[in-house]
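A structural walkthrough
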Amino acid sequence: MKSPPFAYARAGNLADAFAFLADPEAKAIAGGQSLLASLAFRLSQPTLLVDIGRLSELSGVTVSDRRLRIGALTTHTQLARNALIRLHAPLLAEAATMIAHPAIRNRGTIGGSLAYADPAAELPACVVALEATIVVASAEGERRIAAAAFFTGLLSTALAEGELITAIEVPVPELPMQTTSDRTAIVELSRRSGDYAMAGAVVKLTLEAAQIARARIVMFGVGEGPLLANLVSAALVSHDLSAASIALAQTALDGDIDPPEDQHGGPEMKRQLARVVLGRALTKIMTGSA
Ligand code: FAD
């Protein structure tokens, strides 16, 4: 199908963008990799597309005060390649390589992915696992939202009308992750390489003297958005990372998720896929391949 007719305006700066977005029929466009498809399917019919793709205020990757700041316009390709991201948030770099295909990764942005909030998307789950902060702004000023509170349901977020994501801030441990006991991994199952996940798991563990001191597990593709698996986390804490504790975690997962049927299969199949990806993500950390 073709998109409905719309007008187009390129914002020169953030203030410009807010002025255009004051029109309730306007919508921001960044990489266009989700929005253009949703227009073609007539899932939304904005009368004005506001191109935010050249806003310097939404660009760049920096580290200061133990925070990695990733501009909302950072593309998936840049996430995978940027040296600061690879050092301080290797999970994001790894996840970015799982998104779609190179052409889409060259244009799609982290801000667009988080704002679109597809339940099977990798980056929303990663920012929840990393306890990131989503920095949003509007003509009224800036707000900072914990990633876990940002995703509010199927394709919906805490963004208010006229608000834009400007950046994502990830806490940085005192020493880079490779030399501390924090370990992360992401594993997903999809029908073909580049497809959205049928089920995925993001794992962040803090290991102390070979024991799991803290676990943060986020599942995706098995609910309306990224799901914090708190029962799994509780089951893992104070155990060593072994085949037995992985089995405990997989059993606990049943209480954390209630997958709806989707185009890939029914709830039981989704539960089984979720157990598999969780087991593989924990194994990846256990065997040191993460
Ligand atoms: P756009 O399409 O420009 O915008 C998407 C939405 O976000 C719009 O509503 C827009 O108004 C809003 N928006 C954009 N930027 C901002 C901002 N800074 N602040 C507030 N709102 C904003 N994604 C995955 O995660 N995993 C996949 O496996 C995957 N596979 C794909 C396969 C195909 C064939 C295609 C076409 C897309 C796929 N995607 C996948 C989606 C892709 O990653 C998109 O790039 C991403 O979801 C949206 O980023 P974007 O910059 O293109 O956003």
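Here the structure is shown first, and the text comes after it.
Read on for an overview of the structure. (Residues numbered from 1 in each chain as written. Predicted model: local features only at pLDDT ≥ 70, side-chain atom pairs only at ≥ 80, totals over all residues. Heavy atoms only, no water.)

A closer look at the sheet that holds strand S14 (residues 227–228)
Here we have four strands laid out as an open sheet, ordered S11-S12-S13-S14, and antiparallel in their pairing. Two strands bound the open sheet, and with one partner strand each, they are strand S11 (182–189) and S14. As defined by bridge partners, strand S13 (residues 211–220) adjoins S14 across two bridges and the pair is classed as antiparallel. Each residue of the ladder has a partner; that of Val 218, found in S14, is Leu 228. In this fold helix H8 (residues 122–129) packs onto S11, strand S12 (199–208), S13 and S14, with an angle of close to 150° to the strand it touches most, S13. Sheet strands in contact with helix H12 (residues 267–286) are S11, S12 and S13, and its direction is about 145° off that of S11. (Pairing = 2+ DSSP bridges. Helix = DSSP H or I, 4+ residues; strand = E, 2+ residues; numbered from the N terminus. Contact = heavy atoms within 4.5 Å. Axes fitted to C-alpha atoms, helices over the stretch in contact; angles between N-to-C directions.)

A word on helix H1 (residues 14–21)
Buried residues of H1: Leu 14, Ala 17, Phe 18 and Leu 21, and no others. Buried positions in H1, seen along its axis, are confined to an arc of 100° and lie on one side of it. Along H1, exposed side chains directed more than 90 degrees from the buried face belong to Ala 15 and Ala 19. Packed against the buried residues of H1 are strand S2 (26–29), strand S3 (48–51), strand S6 (133–138) and strand S10 (164–171). Of the residues that open H1, the one with a side-chain oxygen 3.2 Å from the backbone nitrogen of Ala 15 is Asn 13. (Buried < 20%, exposed > 50% of the residue type's maximum accessible area, 1.4 Å probe, protein only. Arc of directions from axis to C-beta. Polar contact = N/O pair within 3.5 Å; in protein donor to acceptor, adjacent residues only side chain to side chain.)

Notes on the environment of Gly 108
On the secondary structure map, Gly 108 appears in the loop between helix H6 (102–107) and helix H7 (110–116). Note: C-alpha distance between Gly 108 and Ala 146 (38 residues apart in sequence) is 22 Å. Beyond its immediate chain neighbours, meaning those up to four positions away, Gly 108 contacts Gln 33, Thr 74, Thr 75 and His 76.

A short note on the side chain of Thr 133
Along the chain, the position of Thr 133 falls in strand S6. Of the residues examined, Thr 133 reaches a relative accessible area of 14% and is grouped as buried.

A closer look at the packing of helix H11 (residues 243–256) against H12
Packed helix pairs are specified by the crossing angle of their axes together with the interaxial distance, meaning the distance between the axes. Direction vectors running N to C along H11 and H12 enclose 150°, while the axes themselves pass 9 Å from each other. Judged by the inter-axis angle, H11 sits roughly antiparallel to H12. Note on packing geometry: the crossing formed by H11 with H12 is right-handed. Residue-level inspection shows Ala 243, Ile 246, Ala 249, Gln 250, Leu 253 and Asp 254 of H11 in contact with H12, the latter providing Arg 271, Ala 274, Arg 275, Val 276, Leu 278, Gly 279, Leu 282, Thr 283 and Met 286. Looking at the contact of H11 with H12 residue by residue, the class counts come to nine nonpolar, three polar and three charged. (Parallel < 35°, antiparallel > 145°, perpendicular 65-115°, else oblique. Left-handed = near helix turned anticlockwise from the far one by under 90°. Nonpolar A, V, L, I, M, F, W, Y, C, P; charged D, E, K, R; others polar.)

A short note on the site of the ligand
Around the ligand sit 29 residues in total, of which Ala 28, Gly 32, Gln 33, Leu 35 and Thr 109 are the nearest. Gln 33 has a polar backbone atom sitting 2.7 Å from an oxygen atom of the ligand. In the model, an oxygen atom of the ligand is placed 2.7 Å from a nitrogen or oxygen of the Leu 35 main chain. Bound to the protein, the ligand loses 88% of the 970 Å² it would expose on its own. Elements with a minimum of two residues in the shell around the ligand: S2, H7 and S10. For the shell around the ligand, the leading source of residues is H7, giving four residues. (Near = heavy atom within 4 Å. Areas by Shrake-Rupley, 256 points an atom, 1.4 Å probe, with all protein chains shown as cover.)

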